[in-house]
Amino acid sequence: MPLPIPKEIGDDEILVHFIFDRNFKNKIITEEKLVSKDIFLPNKGGVSFQRNFYCEESKCKNFAKGFAIGKVYIGFIVFRKSHFEKVKQDYILNERNEFKADIFSTPLDENFEYLPKETEVFINTPGNPAHADLVYENPALKGNETPNTAIRSFSRKLSKDCKLIIDTNPMSDSYDDIEFKKVV
């Protein structure tokens with residue numbers, strides 16, 4: 001029987017975000033040139049992730065390369081959900097007490113549309129069953145800020161201790177670098 005994917009994302013789960021050439025200043029691919037304030041900006045409602053426990057590294061890479069239309073796949077940013085929760089709580093306590101964001105399981109069908117919430121999802125469900133979204137429910141704007149300014153502030157904090165993995169063989173279909181669980 002195929003492994004079910006729970007709707008609740010556990011604190012120990014590893015979340016994977018795709019990184020492309022545009023995420024680096026002047027497209028110079030080094031950790032120092034990563035534009036951390038833009039890593040976790042939402043696109044069409046949320047910031048997309050893969051849940052690594054239900055989507056192994058090569059499958060994450062294949063999804064990333066499939067989304068790389070008009071951009072170049074470079075690798076991944078990985079972290080545990082517990083890291084997100086710690087950064088969020090520190091951010092609420094020390095910077096923006098009304099800030100509200102969470103990461104939700106948001107499995108997608110073959111057309112990359114959200115599956116109905118009541119759907120039972122398994123690792124072999126067609127589409128992208130291990131998809132999740134970071135949703136900024138209240139970025140807690142200060143003064144005349146735009147939502148992106150507030151979100152960039154949080155993105156910098158979250159990305160600080162995330163692990164950047166630059167794929168050593170981005171043209172290959174298989175992922176042959178370090179397992180995500182060994183770096184977070």
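Please refer to the structure higher up on the page.
Rules behind the numbers
- Residues numbered from 1 in each chain as written.
- Predicted model: local features only at pLDDT ≥ 70, side-chain atom pairs only at ≥ 80, totals over all residues.
- Heavy atoms only, no water.
- Helix = DSSP H or I, 4+ residues; strand = E, 2+ residues; numbered from the N terminus.
- Contact = heavy atoms within 4.5 Å.
- Areas by Shrake-Rupley, 256 points an atom, 1.4 Å probe, with all protein chains shown as cover.
- Lys, Arg positive; Asp, Glu negative; His and termini not counted.
- Charge placed at Lys NZ, Arg CZ, Asp CG, Glu CD.
- Buried < 20%, exposed > 50% of the residue type's maximum accessible area, 1.4 Å probe, protein only.
- Polar contact = N/O pair within 3.5 Å; in protein donor to acceptor, adjacent residues only side chain to side chain.
- Pairing = 2+ DSSP bridges.
- Axes fitted to C-alpha atoms, helices over the stretch in contact; angles between N-to-C directions.

Break down the overall build of the chain for me, with residues and values.
Helix and strand counts for the chain come out as four helices and six strands. The helix and strand sequence of the chain, counted from the amino end, reads β-α-β-α-β-α-β-β-α-β. Overall size of the chain, expressed as C-alpha extent along the three principal axes, is 50 × 40 × 30 Å. Contacts spanning at least 24 positions in sequence make up 76% of the contacts within the chain whose residues lie at least 6 apart. Accessible surface, the chain: about 10,100 Å² in total, of which carbon and sulfur atoms supply 51%. Charged side chains in the chain number 27 positive and 29 negative. The centres of these two groups are separated by 6 Å.

Help me get a handle on the environment of Q50, residues and values and all.
Mapping Q50 onto the fold places it in strand β2 (residues 47-51). Residue classification places Q50 among the buried positions, given a relative accessible area of 1%. The sequence separation of Q50 and A130 amounts to 80 residues, and the corresponding C-alpha distance is 5.6 Å. At a separation of 2.8 Å, a polar atom in the side chain of Q50 contacts the side chain of N128.

Report on the sheet that holds strand β5 (residues 131-138), specifying residues and quantitative values.
Two pairing modes exist for strands in a sheet, parallel and antiparallel, and in both the strands are linked by backbone hydrogen bonds. With respect to topology, six strands assemble into an open sheet ordered β4-β5-β2-β1-β3-β6, the strand pairing being antiparallel. At either margin of the open sheet sits one strand with a lone partner, and together these are β4 (100-105) and β6 (163-166). Direction aside, neighbouring strands of the sheet carry axes that sit 35° apart on average. Pairing of strand β3 (residues 73-80) with β6, which is carried by four bridges, proceeds in the antiparallel orientation.

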